[in-house]
Amino acid sequence: MTEALAPEARTVKNTITADGPEARASLAPELMTWDSKARRVVTLYVPLACFVLILLFPFYWMAVTSFKPNAELYDYKTYNPFWISSPTLDHIYKLLFETAYPRWLWTTMLVAIASTFLSLFASVLAAYAIQRLRFRGSQYVGLAIYLAYLVPPSILFIPLATMVFQLGLFDTPFALILTYPTFLVPFCTWLLIGYFKSIPYELEECALIDGATRLQILTQITLPLAVPGLISAGIFSFTLSWNEFIYALAFIQSSESKTVPVAILTELVSGDVYQWGALMAGSLLGSLPVAIFYSFFVDYYVSSLTGAVKE
Amino acid sequence: MSVTATAAWKNTRQEPGWLVRLFDSKPFLVFICMLPAVGLLTVFLTYPLGLGIWLAFTDTMIGRGGSWVGLENFEYLAEDPVFWSSVFYSVFYTAVATIGKFALGLWLALLLNQHLPFKSLLRAIVLLPWITPTVLSAIAFWWIYDPQFSIVSYIVVDVLGLRDTYFDFLGSAWPARWSLIAANIWRGIPFVAICLLAGLQTISPSLYEAALLDGATPWQRFTQITVPLLMPILAIVMTFSIIFTFTDFQLVYAITRGGPVNSTHLMATLAFQRGIPGGQLAEGAAIAVSMIPFLVFATLFTYFGMARRKWQQGEGND
């Protein structure tokens, strides 16, 4: 409050001396610059362009590298490195037909979809129970689930590796499908609690009066209304499981059941000579599904990201 | 008439079978609803957390169960210079990357908060580094940091002529450390910017108009309106960012694998190195467990240091 008072005091002073030349001089540039085009370019468009350029450059570089023939790739003197003189699909061809890349993509997709559905199922029920059934201690359960999100996978992967081994899941997709929910469920539950909160309680009361059972309320009233929330949670889970690395690195050993991020790093990097073209093509192809998926649901994605943080 | 009517009504009421009635009882429903989530989290999160702490006090190796050895692992680590260098680099990496991410992210958020054409497209583009798999963008950075064919070196040496020799990004300790931090900042900016942008959009423009009328300079408007009102969301985003930067694994593992000469090991990569390929599960667990105090401290520090503002302003918790 003291901060708010200070400018007020200054206003009073300003209005008193408003007719003095000094006050007019200090106001004038402010008013002039308020809409000045040149200033806007320097303070807004130039930095923004730099940001966008730097944030996008690695992707551009990835794309350019994956379509360049090897001769161009390692010769900056005769070819302009920023452009492709004779684009080639060699790297992509090599990737798709000479490695197990399609297989890795398939495994990644399978794992991502299965763990997304598993976590959505668990989190919808949990969020509904916490937010709508309001049992004793439900806030504490909610808080505990939130805290679970703060437990990073880097701490868990060693004990999980021993567990996965003992359960006989080592080197199977189930190891990943069952462990990914550890970071997906807390996040989705938190997101959906926020979403359920925004659905008017009265709708459910009406249904209750009309004789609907609680299950009917959940499946016919609450869930259809929560579809946007479910979509956000679903995209989030999908991208998070697509991007997951440390569990997939620790729990999967055989080449053919690796996920894309792990496989590119461990299978394509062989020996001392890196196949940069193939590596970049692999990275590009591995990023594309998430990027396409994301571009369809950008607004859901942004709103869920910011909504979850604001909660 | 009225008697038959009640009877008919009773009949329809008794229709639901025992299964439906069971599903209508609240305690049972709560139990059923919480079971999948709580079950999954208990088995695959709480139990491993406890198991990890227990493993840290044993001498387990891959393929061999361990027995209790007390603090032996930690005593060993306390004399291990590689461990201490990883602790140092984890703290340094987190501190520098967080400062960089938040300074640049806040700047970007302020830029995006202004009136712009193609605003939603820009926002979508900005978020791209964050949604692409970290390992894959890390591989792109690895290529950008290549000693011979680095495009950055090409621009600086051959195009601009600022240096005579190419950068050796990953060949020696300090350049490698800074290169990793730069890649981490690049990846972290979008998340910070988009979250802070959401925070900025909740600040009422009338406050800025009032400040403008009062003759506040842009800097005063920033420090006295934007920063205090952004503080609650800043605290949460920073807690997240610190936790996930400190426990970062992918970037370092993909670009340097802890090299050159173990100088860029974070605690997470060292734990992996010793635990999984090295087979010393107990030692890896001990390194992972040593991260916990840092995380708790960082969380409490950001939460109480910054979120306190929210309570001072007297806003209710929403």
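Residues numbered from 1 in each chain as written. Chains lettered and ligands numbered in written order. Predicted model: local features only at pLDDT ≥ 70, side-chain atom pairs only at ≥ 80, totals over all residues.

Per an unreviewed UniProt entry, chain B is named Sugar ABC transporter permease, and its organism is Roseicella aerolata. If you open the UniProt record of chain B and go to Sequence similarities (unreviewed entry), you find "Belongs to the binding-protein-dependent transport system permease family." (UniProt positions renumbered as here; feature names shortened; annotations may be inferred.)

As recorded in an unreviewed UniProt entry, chain A goes by the name Carbohydrate ABC transporter permease, listed as coming from Roseicella aerolata. Quoted straight from UniProt, the Sequence similarities (unreviewed entry) entry for chain A says "Belongs to the binding-protein-dependent transport system permease family." The UniProt entry for chain A carries the following comment under Subcellular location (unreviewed entry): "Cell membrane".

Undergrad: Any chance you could break down helix 8 (residues 153–166) of chain A for me, citing the residues and the numbers?
TA: Residues and elements named next belong to chain A. The end-to-end C-alpha distance of helix 8, which contains 14 residues, comes to 19 Å, matching closely the 20 Å that a straight helix rising 1.5 Å per residue would cover. Its maximal kink placed at P159, helix 8 deviates by approximately 35 degrees. The buried fraction of helix 8 amounts to 12 of the 14 residues, a majority that puts the element mostly inside the structure. What helix 8 keeps buried is the set P153, S154, I155, L156, F157, I158, P159, L160, A161, T162, M163 and V164. One or two steps after helix 8, the chain reaches G168, where phi turns positive at roughly 75 degrees. (Helix = DSSP H or I, 4+ residues; strand = E, 2+ residues; numbered from the N terminus. Expected span 1.5 Å × (residues − 1). Bend = angle between axes of the 7 residues up to and from the residue. Buried ≥ 20, exposed ≤ 12 C-beta atoms within 10 Å, placed from the backbone.)

Undergrad: Account for the nonpolar core, with residues named and values stated.
TA: A126 and L192 of chain A together with I139, A193, L196 and I255 of chain B are the most contacted members of the largest nonpolar core, which has 164 residues in total. In terms of residue count, helix 10 (residues 173–201) of chain B provides more of this core than any other element does, 15 residues in total. Discounting residues that sit within four places of it in the chain, A193 of chain B has contacts with G105, L108, A109, L112 and V126 of chain B. (Core = buried A, V, L, I, M, F, W, Y, C linked by C-beta atoms within 7 Å. Contact = placed C-beta atoms within 7 Å.)

Undergrad: With reference to specific residues and values, describe helix 10 of chain B.
TA: Residues and elements named next belong to chain B. In this model, helix 10 (29 residues) spans 42 Å end to end at C-alpha, consistent with the 42 Å of a helix rising 1.5 Å per residue. Largest kink in helix 10: about 35 degrees, centred on G188, with the proline P190 one to four residues after it. Along helix 10, 21 of the 29 residues are buried, which leaves the element largely enclosed by surrounding structure.

Undergrad: Requested: an account of the UniProt feature "domain: ABC transmembrane type-1" (unreviewed entry) in chain B, with residues and values cited.
TA: UniProt's entry tags residues 87–304 of chain B with the feature "domain: ABC transmembrane type-1" (unreviewed entry), counted in the numbering of this structure. The annotated region residues 87–304 of chain B carries 75% helix and 0% strand content, and the separation between its end C-alpha atoms amounts to 24 Å.

Undergrad: Can you lay out the environment of A127 of chain A for me, pointing to particular residues and giving the numbers?
TA: Residue and element names in this part refer to chain A. Examined against the element boundaries, A127 turns out to sit in helix 6 (residues 101–133). Residue classification places A127 among the buried positions, given that 29 C-beta atoms sit within 10 Å. Separated by 68 residues in the primary sequence, A127 and Y195 place their C-alpha atoms 9.2 Å from one another. Residues within four places of A127 in sequence aside, it is in contact with T189, L192, I193 and F196.

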